[in-house]
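These are the residues of each chain, in order.
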Amino acid sequence: MSRSLNEMMSLKGKTALVSGGAGYLGTAMCEVLAELGANVVVASRDASKCQSQVEALGETGREGSHRGIGLDVTSEASIKDCVQMLREEYGGLDILINNAWSGKKNSWASINEEDWYNDIEICLNSVFRMSKQCHPLMVDRSASIINIASMYGHIAPDYRLYDGTDHANPPSYGAAKAGVLQLTRYLASFLSPDAIRVNAISPGAFPHAITRENEAFMQRLRDKAPLGRLGQPDELKGALALLCTDAGSYITGQNICVDGGWGVW
Amino acid sequence: MKPHYRDLFDLTDKVALVTGGLGILGREFCRALAEFGANVVVCDLDGEGAARYAEELSDTTGSRCEGYACDVADEASVIELVDRVVSDFGGIDILHNNAASKSDDLAAFFAPSEDYALAEWQHIMRVNLDGVFLVSRTVGRQMIAQGRGGSIIHTGSIYGHLGADSRIYEGSEYLGVQINTPPVYAASKAGVAGLARYLATQWAVHGIRVNTLVPGGVESGQNAEFVKRYSERIPLRRMARHEDMVGPLIYLASDASRYVTGQELFIDGGLSAW
């Protein structure tokens, strides 16, 4: 008798770190990890937001030893502190979700060198830095790294979508996310001897509340996806559960698009 | 190696076989290959029409062109064609698998997927995919025997790669008939790209390159509403023109792409980029 899917999807006793874990999408990611039984480390620059998130996870009766921690993914020292905490408190790391993102609003016309480097630093260099520092904690324990990329890492935005909005998608974003996708494949190869799987999830349109206030813009986004609607944060839970548990134990180097079909036509 | 880079596209003394040679794109492909110096076999179901068009090409380009009848879905017909080309021209250097089926029954051809008739599916597949297999197999065998390599090009489609946005087909007509894009077309064109990748690796040892040309929608008699809607989806803001396909074909057929194999070359005005 093979293992049941429920057994394969259990993360009981596993430790997961989510960067940007207190954010709009990060919250749903922390929830699903806790639902599956993991000890969840919620990490972001705002330690108090992380703490509230941990309390919220506790209130829903999800067991596991959750913890919030301040983390600046642009700082090697901050990451090292986080790694030390993981080693001391949890003895290692099973799941790393590289989700942190906070780019500047820019168009091709407005972006300057400083903003470009800032975005690449937060979006791409941070994935390198986090993966590099966390790798030693993840060796030989069937660990999994999941990088949150974007559909704009493999297709370009239709610039007409952004006419009359201040939400123009900056050129740095897609370039960084494309880099994340390739780093995903690279690490899938080079970390495979340590039994670490590395995959990506490419969300489509999951606009924040403030962006959703622009209804004309929202309608244009809905029209771009075959499913005809925006994504909800909990719609990332399934892909994440597949990739970070033994349900996906033979999947590595892949990119799962959760985009309502945006990229297929 | 050719003495000048400008000669990289030169096809002088090459023998090129083009199936579907009388089609909308096929005629342009044949003319381009002949203009670049190849001797061209225009192959079509309509042998007489092919012979007439080949004669016209010989007159205008100075290349030796012949038109032969062939049903690419019929094994005996394909074997006979290839034997004849080899006997008349001494070999084959370039094969362009360009034939795709027209349907006699547009209602069946454009039927919704949930109602699609197996007979129509198989009818189209026999030409679009079985035909590409049969001609590739028979010509590939000949190219291997010749021992001087070759270039095989399949005509694919953007719909072998992307799904169709059915909204642009509302109120759209082609030559007065309500149109869409059928599921069998998408599946067959994805199939030819897969076959090209497979053959590219298997026949690489023989110096045979195999690539797929991937056209986006070509303007050819659709009504204005369709052209407008389609064009709005394209970064370059227009449908493709016949002549847009010619440069990419010559590139794939010639030494200009001598280190390129197993690829899909998209000529889609940027549709797949966003």
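Up top is the structure.
Residues numbered from 1 in each chain as written. Chains lettered and ligands numbered in written order. Predicted model: local features only at pLDDT ≥ 70, side-chain atom pairs only at ≥ 80, totals over all residues. Heavy atoms only, no water.

On to the nonpolar core. One finds L17(A), L86(A), L93(A), L96(A), M130(A), C134(A) and M138(A) to be the most contacted residues of the largest nonpolar core, which totals 36 residues. Secondary structure elements with two or more residues in this core: β2 (39-44), α4 (76-90), α5 (113-134), α6 (171-190) and β6 (197-203) of chain A. Here M138(A) is in contact with L93(A), D94(A), I95(A), L96(A), A143(A), S144(A), I145(A), D194(A) and I196(A), once residues within four sequence places are set aside. If you look at the next biggest cluster of nonpolar residues, it comprises 31 residues, including V41(B), A73(B), A99(B) and A200(B). (Core = buried A, V, L, I, M, F, W, Y, C linked by side-chain atoms within 4.5 Å. Buried < 20%, exposed > 50% of the residue type's maximum accessible area, 1.4 Å probe, protein only. Helix = DSSP H or I, 4+ residues; strand = E, 2+ residues; numbered from the N terminus. Contact = heavy atoms within 4.5 Å.)

Residue and element names in this part refer to chain A. Taken as a whole and assessed by the stated rule, the structure comprises 0 disulfides over all chains. Cysteine C123 remains unbridged, with the sulfur of C257 as its closest cysteine sulfur at 16 Å. What makes C123 buried here is its relative accessible area of 1%. Cysteine C134 is unpaired, with the sulfur of C82 as its nearest cysteine sulfur at 6.2 Å. (Disulfide = S-S within 2.5 Å.)

A few words on the pairing of β6(A). Residues and elements named next belong to chain A. In terms of burial, β6 is a largely internal element, 7 of the 7 residues being buried. Burial along β6 is two-sided: the residues R197, N199, I201 and P203 and V198, A200 and S202 are all buried. The pairing of strand β5 (residues 144-148) with β6 spans 5 bridges and is parallel. Opposite N147, over in β6, you have A200 as the bridge partner. The parallel pair β5 and β6 is bridged by α6, and the resulting crossover is right-handed. Pairing of β6 with strand β7 (residues 255-258) involves 4 bridges; the strand directions are parallel. (Pairing = 2+ DSSP bridges. Right-handed = clockwise from strand over helix to strand, strands pointing away.)

Contacts between the two partners involve 11 residues from chain B, matched on the other side by 11 residues from chain A. Of the roughly 970 Å² buried between chain B and chain A on both sides combined, carbon and sulfur atoms contribute 46%. It is R167(B), R237(B) and W274(B) in chain B that bury the most area against chain A; as a group they hold 56% of the surface buried on that side. In this assembly, chain B and chain A are joined by 0 salt bridges. (Buried area = accessible area lost by both parts, 1.4 Å probe. Salt bridge = Lys/Arg side-chain N within 4 Å of Asp/Glu carboxyl O.)

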